[in-house]
Amino acid sequence: SANTSRVLRGSILHCLDDPTTAGEAAIHYVADGLLWIQDGRIKHVGEACDLKQQLPAGQVIEDRRGCLLIPGLIDTHTHYPQLSVAASPAGTLFDWLEQRAFPAEAALEQPGMAEVLAHRFIAEMLRNGTTTAMVFAGVQPESADALFQHAQHLGLRMIAGKVLQDRLVPDALRESPEQAQEETDRLIQRWHGRDRLAYALTPRFAPACSEALLALCRDWLRQSPSLYLQTHLAETREECERVAQEFPRYKGYLDLYDQFGFLRPGSVFAHAIHLNSDEQQRLGESGAAVAHCPSSNLLLGSGLMPLKALQQAGVPLSVGTDVGAGPSCSVLKTLADALRVQQLRGEPLGVLQAFYLATLGGARALRLEQEIGSFRQGIEADFLVLDLEATPELAERTARADSLEEMISLLILLGDDRLIAETNIQGRRVTPVGPVVYGQEA
Ligand code: GUN
Ligand code: ZN
């Protein structure tokens with residue numbers, strides 16, 4: 001019915017493919033376009049002058065000229081309970097885990113805390129233009145329920161799981177494999193494949209897991225291949241040394257995960273900084289994806305991600321904010337840090353590539369290319385309206401941008417939450433709450 005149709009007029013930008021391999025043809029840009037949404041999905045994208053004639057009589061066109069419409073951003077690695085310690089002073093990984101992350105996750109024990117943080121996290125995520133995230137909850141199964149419940153209420157496409165850990169961590173955050181199995185089985189039953197939600201097995205990382213716990217994950221993946229898996233891999237050198245000491249029977253960190261069946265499409269490894277070229281190659285063959293988390297890496301001093309080597313090895317790449325080691329839920333700021341990190345490596349990251357990582361690249365990493373990440377016909381209409389006049393310098397510079405690279409560079413390096421004028425989920429605006437007044441009409 002006409003009620004479920006929306007048409008917005010503005011500039012439109014999305015990826016059809018990976019610009020690293022497909023070049024400029026990977027990017028679709030329409031300076032004066034229409035985005036036509038029906039029943040929460042993309043019906044058509046095109047030039048305003050062509051598409052206008054095809055619209056049903058009386059169809060309202062929402063005027064967003066001066067704005068840029070892009071797909072919602074995808075954050076493939078973050079920890080919602082850690083929002084409460086994001087941007088606190090940090091040390092290196094293990095000190096930070098002990099002093100910041102574990103206490104934040106232990107605080108979820110307090111009644112009502114998981115709900116409060118889940119709501120805060122999703123609000124902050126949407127305000128920053130993220131429409132889908134792959135999220136670590138806490139070890140408490142109720143903490144995963146709280147996140148899924150709120151995501152379901154808002155109609156979000158989300159992937160999450162309760163953390164699995166049975167060593168290294170404080171007693172209060174540790175559980176037996178038997179208990180973990182029972183709780184995780186219940187969560188999978190309740191949430192996996194329900195509406196737009198999916199469950200991710202979430203072993204924290206090898207140093208926090210016994211072989212019995214890793215074996216449970218292997219068995220779950222065998223039984224239910226549609227499950228996701230998320231964990232950390234080779235984030236810091238110290239962590240890699242610890243894994244070598246504690247798992248001497250394996251060839252290395254990656255081999256350990258490989259032996260437990262983790263190297264497969266649908267697995268997302270955060271970081272993957274300190275791998276040798278054989279391991280990078282093996283990762284590429286496996287179809288498992290990597291979440292690059294540069295803001296976290298810089299603050300914990302973890303290392304400079306060899307993004308180009310992983311890309312050349314064929315690893316599906318995406319970006320993660322890694323809140324709370326990462327300071328904010330802003331994927332734009334994360335992309336800005338990704339540009340800086342690759343400059344420091346002397347392997348510059350193109351801005352088109354950066355934009356891809358946060359949209360279609362994220363969707364591919366999550367095996368959701370048919371659902372989200374672009375404006376192809378039939379894709380779910382999770383999209384952003386970017387206010388190119390959000391700040392004086394953005395207005396000045398975007399008006400004069402003479403290439404797509406220039407435009408995207410300005411969005412990444414000058415853009416923050418003010419740039420995100422609207423976040424829409426399945427064609428419905430969810431932020432900001434209440435009416436929006438645009439510049440010219442005010
Ligand atoms: N490695 C194991 N747990 C964590 C975590 O919570 N954050 C980060 N950045 N790395 C980890
Ligand atoms: Zn993390």
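Because the structure is a prediction, the values reported are computed rather than measured.

Asker: I'd like a description of the domain arrangement of the protein chain, backed by residues and values.
Answerer: With domains assigned, the protein chain is organised as domain 1 (2-72 + 373-441) and domain 2 (73-365). For domain 1 versus domain 2, the distance between C-alpha centres works out to 29 Å. The set of elements that each furnish at least two residues to the side of domain 1 that touches domain 2 consists of β1 (5-15), α1 (19-22), β4 (61-71), α17 (404-414), β15 (420-425) and β16 (428-431). With seven residues, α17 is the largest single contributor of residues to the side of domain 1 that touches domain 2. Of the residues belonging to the side of domain 1 that touches domain 2, the class tally is 15 nonpolar, ten polar and six charged.

Asker: Can you break down the sheet that holds strand β2 (residues 27-38) residue by residue, with the values?
Answerer: Pairing between the strands of a sheet comes from backbone hydrogen bonds, and it takes one of two forms, parallel or antiparallel. The sheet built from seven strands is open, its strands ordered β3-β2-β1-β4-β14-β15-β16 with mixed pairing. Only two strands of the sheet have a single neighbouring strand rather than two, namely β3 (41-47) and β16. Between one strand axis and the next, the sheet turns by 40° as a mean value, whatever way the strands run. Judged from the five bridges that link them, β4 and strand β14 (residues 383-387) form a sheet pairing that is antiparallel. Across the sheet, the residue bridging to P71 is F383, located in β14.

Asker: Could you give an account of the pairing of strand β12 (residues 289-292), with specific residues and numbers?
Answerer: What you see with β12 is no split at all: A289 and A291 on one side and V290 and H292 on the other are buried throughout. Judged from the three bridges that link them, strand β11 (residues 267-271) and β12 form a sheet pairing that is parallel. Counterpart to A270 in the pairing with β12 is A291. With three bridges connecting them, β12 and strand β13 (residues 317-319) associate as parallel partners. In the strand pairing of β13, V290 is matched with L317.

Asker: Before we move on, can you summarise the packing of helix α14 (residues 351-358) against α17 with the specific residues and values?
Answerer: The geometry of α14 relative to α17 is characterised by a closest axis approach of 9 Å and an angle of 55° between their N-to-C directions. If you check the angle between α14 and α17, you find them oblique. Crossing of α14 against α17: the hand is left-handed. Taken together, the residues of α17 that come into contact with α14 (itself represented by V351, L352, A354 and F355) are L404, E405, I408, S409 and I412. When its residues are assigned to classes, the contact of α14 with α17 shows seven nonpolar, one polar and one charged.

Asker: Which residues make up the nonpolar core, and what values go with them?
Answerer: The nonpolar side chains of a soluble globular protein tend to be buried with one another. In terms of nonpolar packing, the biggest core is built from 148 residues, with L147 and L386 touching the most fellow members. Here this core spans two domains, since at least three of its residues come from each of domain 1 (2-72 + 373-441) and domain 2 (73-365). Apart from the residues within four sequence positions on either side, L386 is in contact with C67, L68, I70, L411, L419, I420 and A421.

Asker: Kindly report on unusual backbone geometry, identifying the contributing residues and their values.
Answerer: In this model, V323 is joined to G324 through a cis peptide bond whose omega is 5°. Relative to the helices and strands, G324 is located in the loop between β13 and α13 (331-345). For the peptide bond that leads from T431 to P432, omega is -10°, which places it in the cis range. The topology assignment puts P432 in the segment after β16. For H271, which is not glycine, the phi torsion reads 85° and is therefore positive. Phi is positive for Q426, close to 50°, though the residue is something other than glycine. On the secondary structure map, Q426 appears in the loop between β15 and β16.

Asker: Mind laying out the site of ligand 1, listing which residues take part and the relevant values?
Answerer: In the vicinity of ligand 1, the residues found are H79, L93, L97, A101, R204, F205, H232, E235, S296, D322 and A325. Looking at which element gives the most residues to the shell around ligand 1, the answer is helix α3 (residues 93-106), with three residues. Of the residues in the shell around ligand 1, the class split is five nonpolar, three polar and three charged.

Conventions and cut-offs
Residues numbered from 1 in each chain as written. Chains lettered and ligands numbered in written order. Predicted model: local features only at pLDDT ≥ 70, side-chain atom pairs only at ≥ 80, totals over all residues. Domains from an automatic or database assignment. Helix = DSSP H or I, 4+ residues; strand = E, 2+ residues; numbered from the N terminus. Nonpolar A, V, L, I, M, F, W, Y, C, P; charged D, E, K, R; others polar. Pairing = 2+ DSSP bridges. Axes fitted to C-alpha atoms, helices over the stretch in contact; angles between N-to-C directions. Buried ≥ 20, exposed ≤ 12 C-beta atoms within 10 Å, placed from the backbone. Parallel < 35°, antiparallel > 145°, perpendicular 65-115°, else oblique. Left-handed = near helix turned anticlockwise from the far one by under 90°. Contact = placed C-beta atoms within 7 Å. Core = buried A, V, L, I, M, F, W, Y, C linked by C-beta atoms within 7 Å. Near = placed C-beta within 6 Å.

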